Structures are given as C-alpha cells and as structure tokens.
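# Structural overview for review
Chain by chain, the residues run as shown.
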Amino acid sequence: MNKEYDCLIIGAGPAGLSAGIYAARYSLKTIIAGIPLQSIITHAWKVENYPGFKEISGMDLINKFVEHVKHFEVPIIEEQIVNVEKKENHFLATTSTNKKIKARTIILATGSTSRKLNIANEDDFIGKGVSYCATCDAMFFKDKIVAVVGGSDSAVMTSMLLAQKSKKVYIIYRRDKLRAKPMMVNKVMKNNKIEVIYNAEVKKLIGDDFLKGIELSNGRKLSVEGLFVEIGHVPNTIIAKSLRVKTSEHGFIIVDENMRTNVKGVYAAGDICGSKNKLRQVITAASEGAIAARSVYEDKENEVV
C-alpha cells in the first residue's frame, strides 16, 4: 500500500469505467475497484440507443468499455470495496480480500441493484423460478409459461426476449397503461405470445421446491414456472453513507453540476446519484463519469482537495 492514487473509482459499470478513461487522459494516477460483469447493464439483452452501435448487447458494450480502460493502462481490481475511511488528507479503502488502497479522492459509481417485490417466500424462490435478470436466465424457460412484473422499457424488453423461447409470457403491471417507449409497446401488442394484465400486482408465490404459480391482487391465479421482476432499482449507497455523503429522500446521492458531493474529495456518477426521475441510461452514466473525472483533475490543479 505504498502507492497513493490521485483517484480511486469505486464501481466498474459505465460511469466508473468512463471516469477511468477520462482520469487517465488527465494523467491522474487512477485505480478502479469493482466487477464489470456485475454491472446492471450486462443484464440488457439488447441496447439500441447508445451512439455508435445500432444494436449491441449490454455484455458486449461493457466489454468495450473495459477494453478502452485497459488501453490507458488503468488497473481494475475485480473486488468489492467493503469500507472507506476518510483520513486527514486522503482516503483509505479496504477490499473484500483485505487489500488496502490509498487515494486522495474517491469517485462513487456503485450503481444500483434490482428492486424486489418484498412478498413472502420471494428469496426462497430466487434461482428456482424468480429472477431479476432475463439475459442470465431466459434460456432455462424454453417452452415454459413465464411472467414479467413491471411496465417500463426494461420490463417490455424482458418480455420480448422471453417470448423468443418461452411458450407464453404474461406482463403484470399495476397501472392501466405500459410506460415503456411507444415503439416497444407496439412490438409487445403485436406479439401473440405476450398477454398484458393491467391494474394488478403479484401478491403470492405458489410452489414447493420450485415456482409453480402466482396469485394476483385481482384474485386471478396464473400457472407459471418463471417470474421476472423488472420494477426498478435501488441505489447502492452503503459506502456513501459511511462517508456521510448526503442523499435525497429517495436514497440517491446529491451532487452539483460537476458531480461533487458535500464531502470534500468525494464525487459520484451514474445511477447512484441524482433525482428519482433522472434518465438512467448508459449514455448519461458515462457522461457523469467523465464530468466527475474532470472535476477531480480541476480540484487537484486548484489544490481544493
């Protein structure tokens, strides 16, 4: 731990990797801690709105980011940061294998995790019918009946992916209209394998060792072997809170226009920060990572941190 970095980037998704690229271009001694393949973008079966790629899988896109980072020889430690302490003029981070990283500044880019239904037995059926990643698990439901909970772009995209292999797909949404992009909704409506059930929520999971069915709030019971939950995400702010970084009422880190937090030397980028209604896309996460890296550079030059 003799080496001190200008910047430790915690998180290896689009925001963190973009920050790493820009930090390297600013000649900042930088290290990234995180596991790229655990980024939530890797769950995306198809990305069609990232400039330069008409169509690319989330997995392939994140690998492109990693290649770019490695081109600038920025080290990526594929471990989780479990603790960060603020010292007088630096931060001391500890990884899951007890490695120590000393850095003058921190960029928090830890993203978010899938929101759960929070109903009885949900955890018991994870990996046994309940999934939060269609890209990971769709292959296990060939010729089976499945359901998707949610009405957003991700829910609709998940239903279309599942419809390629599954016998039938239900979309269960608590409102009376899907809120996905119109183009995507039109595709769903034209797919005879997909049935949308409005104004309903999943209230009960049915099964023994494996999921066999679900009961809805309207009393309807469906025989399904797979349930894919796509109802949003929760920001990963454990490290932020330990550093006393301010968060909003919805749990997101509060930053200024230059991605600075209320704690000197701590910046944030990507899904972890911003308002509840912020556009959460790869392009915005990458942009915020770049801005955060620029702020680290400017503050170093001005000896603010």
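Heads up: the structure comes first, above all this text.
Right, let's walk through the structure included here. (Residues numbered from 1 in each chain as written. Predicted model: local features only at pLDDT ≥ 70, side-chain atom pairs only at ≥ 80, totals over all residues. Heavy atoms only, no water.)

So, about the sheet that holds strand β14 (residues 221-222). Within the open sheet, the three strands sit side by side as β12-β13-β14. Their pairing is antiparallel. Lying at the two open borders of the sheet, with one neighbouring strand each, are β12 (202-207) and β14. Both β12 and strand β13 (residues 211-216) contribute to a ladder of five bridges, which runs antiparallel. Bridge assignment links Ile206 to a residue of β13, and that residue is Gly213. (Pairing = 2+ DSSP bridges. Helix = DSSP H or I, 4+ residues; strand = E, 2+ residues; numbered from the N terminus.)

This paragraph deals with the pairing of strand β6 (residues 100-108). Each regular strand carries side chains that alternate between the two faces of the sheet. Where strand β1 (residues 4-10) and β6 come together, six bridges link them in parallel fashion. Looking at β6, one finds that Leu8 is bridged to Ile106. Here strand β5 (residues 91-95) runs beside β6; their pairing, made up of four bridges, is antiparallel. Its bridge partner being in β6, Thr94 is matched across the sheet by Lys100. In this antiparallel pair of consecutive strands, β5 and β6, the connection spans four residues, and Asn98 shows a positive phi of 70 degrees. In this sheet, strand β17 (residues 266-268) lies alongside β6 in parallel orientation, the contact comprising three bridges. Opposite Ile107, over in β17, you have Tyr267 as the bridge partner.

Before going further, it helps to spend a moment on the pairing of β1. Judged by how many residues are buried, β1 sits mostly within the fold: six of seven residues are covered. Pairing of β1 with strand β2 (residues 30-33) involves four bridges; the strand directions are parallel. Within β2, the residue paired with Cys7 across the bridge is Thr30. Handedness of the crossover is the feature at issue here: the chain leaves β1, passes through helix α1 (residues 14-25), returns alongside β2, and the resulting connection is right-handed. (Buried < 20%, exposed > 50% of the residue type's maximum accessible area, 1.4 Å probe, protein only. Right-handed = clockwise from strand over helix to strand, strands pointing away.)

The subject of this paragraph is the packing of α1 against helix α7 (residues 282-301). It is at 7 Å that the axes of α1 and α7 come closest, and there the two elements cross at 40 degrees. Between α1 and α7, the angle falls in the class oblique. Of the two possible hands of crossing, α1 and α7 adopt the one that is right-handed. Contact residues: α1 offers Pro14, Ala15, Ser18, Ala19, Tyr22 and Ala23, while α7 offers Val282, Ala285, Ala286, Gly289, Ala290 and Ala293. (Axes fitted to C-alpha atoms, helices over the stretch in contact; angles between N-to-C directions. Parallel < 35°, antiparallel > 145°, perpendicular 65-115°, else oblique. Left-handed = near helix turned anticlockwise from the far one by under 90°. Contact = heavy atoms within 4.5 Å.)

Here the focus is the nonpolar core. Leu8, Val84 and Leu108 are the most contacted members of the largest nonpolar core, which totals 57 residues. With near-sequence residues (within four places) excluded, Leu108 lies in contact with Ile10, Ile239, Ala240, Val245, Ile253, Val266, Tyr267, Ala268, Ala269 and Ile272. Counting 22 residues, the second-largest nonpolar core is a separate cluster that includes Ala155, Val188, Val196 and Phe228. (Core = buried A, V, L, I, M, F, W, Y, C linked by side-chain atoms within 4.5 Å.)

Take a probe with the size of a water molecule and roll it over the atoms, and the empty space left behind shows itself. Approximately 220 Å³ is the volume found for the second largest pocket. If you trace the second largest pocket, you find 14 residues lining it, with Gly127, Lys128, Gly129, Phe141 and Glu225 closest to the centre. For the lining of the second largest pocket, the secondary-structure elements that each account for two or more residues are β8 (130-131) and β13. Of the residues assigned to the lining of the second largest pocket, the class counts are six nonpolar, three polar and five charged. (1 Å grid on protein atoms, 1.4 Å probe; cavity = no way out; pocket = protein on both sides within 12 Å on 5 of 7 lines; lining within 4 Å. Points joined across faces, edges and corners; volume = space filled by probe spheres on them. Nonpolar A, V, L, I, M, F, W, Y, C, P; charged D, E, K, R; others polar.)

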